[in-house]
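Remarks on the overall topology
Spelled out from the first residue to the last, the chains are:
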Amino acid sequence: MKNFLTRHWRLNSLILFTVLLVFDRVTKNWASTALQDGSLVLIDGVLEFHYLENTGAAWGTFQGMQLLFYILTAVFIAVAVLEIVHLSKNSRYLPLIYTLVVTLSGAVGNFIDRLLQQFVVDFIYFKLINFPIFNVADCCITVSMALLVVLILFYYSNEDLDYIIPGQKTE
């Protein structure tokens, strides 16, 4: 399995990106039609689906600042793609490459919403802890960022970090 992931990382990355992006788009389209007139309780008191049009960022912050989101997302996408190309020369960085691909799928999913609708469709609500409503793209970004922290803290050495971020010197 590891050999397949290493030899076919470009194809695997494209498949992973596409599957996550399509899943995000399908669930948002479903939420836009099925939840317009109400919510859907999955587990009473724990998990519900509610339709929400979010013109801000995480937890509704920075409402209405679409131009800022366009610029930041475009810059992030460009940097992430360049980093993937840079890292692709060494199989040691495959976990980071796949993590970036998951992050990209989430960023692109929300970016598409912003471009087409001027807002992001959110619909997953953990009522048990009154967590802000979110979507599949947000899950991709959050999970991949948590994995990135784990990789940086426990997997990659200082020398690896020097390679990942050219021009940076770690002590």
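This text gives an overview of the structure that appears in the document. Bear in mind the structure is a predicted one, so any value in this text is a computation, not a measurement.

1. Quick look at the pattern of salt bridges
Opposite charge on two side chains makes pairing possible when the charged atoms of those side chains draw close. Considering all chains together, one arrives at five salt bridges under this definition. With its nearest N and O atoms 3.0 Å apart, the salt bridge here joins Lys28 to Asp24. Placement of both Lys28 and Asp24 in helix α2 (residues 9-34) is noted, with a separation of four residues, approximately one turn of the helix. Judged by relative accessible area, Lys28 falls into the buried class, the value being 1%. Taking the relative accessible area as the measure of exposure, Asp24 reaches 0% and is therefore buried. With a closest N to O distance of 3.5 Å, Lys127 and Glu48 form a salt bridge. With Lys127 in the loop between β3 (120-126) and α5 (136-155) and Glu48 in strand β2 (residues 47-54), this pair connects stretches of sequence that are 79 residues apart. Beyond isolated ion pairs, a larger network of salt bridges with shared partners links Asp24, Arg25, Lys28 and Asp113.

2. Points about the pairing of strand β1 (residues 40-43)
Relative to β2, β1 is paired through three bridges, and the arrangement is antiparallel. Residue pairing for β2: Leu40 is matched across the bridge by Phe49. Linkage of β1 to β2, two consecutive antiparallel strands, is achieved through a turn of three residues, within which Gly45 is found at a positive phi near 80°.

3. Focus on the nonpolar core
Membership of the largest hydrophobic core comes to 16 residues, with the highest contact counts inside it found for Trp9, Ile84, Leu87, Leu96, Ile97, Tyr156 and Ile164. Residue assignment for this core shows that the elements contributing at least two residues are α3 (66-87), α4 (94-117) and α6 (158-164). Examining the composition of this core, we find that seven residues originate from one element, α4, more than from any other. Other than its neighbours up to four places away in sequence, Ile84 contacts Trp9, Ile97, Leu100, Val101 and Leu104.

4. Digging into α4
Compared with the 34 Å implied by 1.5 Å per residue over 24 residues, the 34 Å span of α4 between its first and last C-alpha is a close match. With its phi angle positive at about 70°, Gln118 sits one or two positions after the end of α4.

5. Considering unusual backbone geometry
The backbone of Gln118 shows a phi angle near 70°, a positive value even though the residue is not glycine. Counting through the fold element by element, Gln118 comes out in the loop between α4 and β3. The class for Gln118 is partly exposed, based on a relative accessible area of 40%. One non-glycine residue, Asn130, lies in positive phi territory at about 50°. Structurally, the position occupied by Asn130 is in the loop between β3 and α5.

How each quantity is defined
Residues numbered from 1 in each chain as written. Predicted model: local features only at pLDDT ≥ 70, side-chain atom pairs only at ≥ 80, totals over all residues. Heavy atoms only, no water. Salt bridge = Lys/Arg side-chain N within 4 Å of Asp/Glu carboxyl O. Helix = DSSP H or I, 4+ residues; strand = E, 2+ residues; numbered from the N terminus. Buried < 20%, exposed > 50% of the residue type's maximum accessible area, 1.4 Å probe, protein only. Pairing = 2+ DSSP bridges. Core = buried A, V, L, I, M, F, W, Y, C linked by side-chain atoms within 4.5 Å. Contact = heavy atoms within 4.5 Å. Expected span 1.5 Å × (residues − 1).

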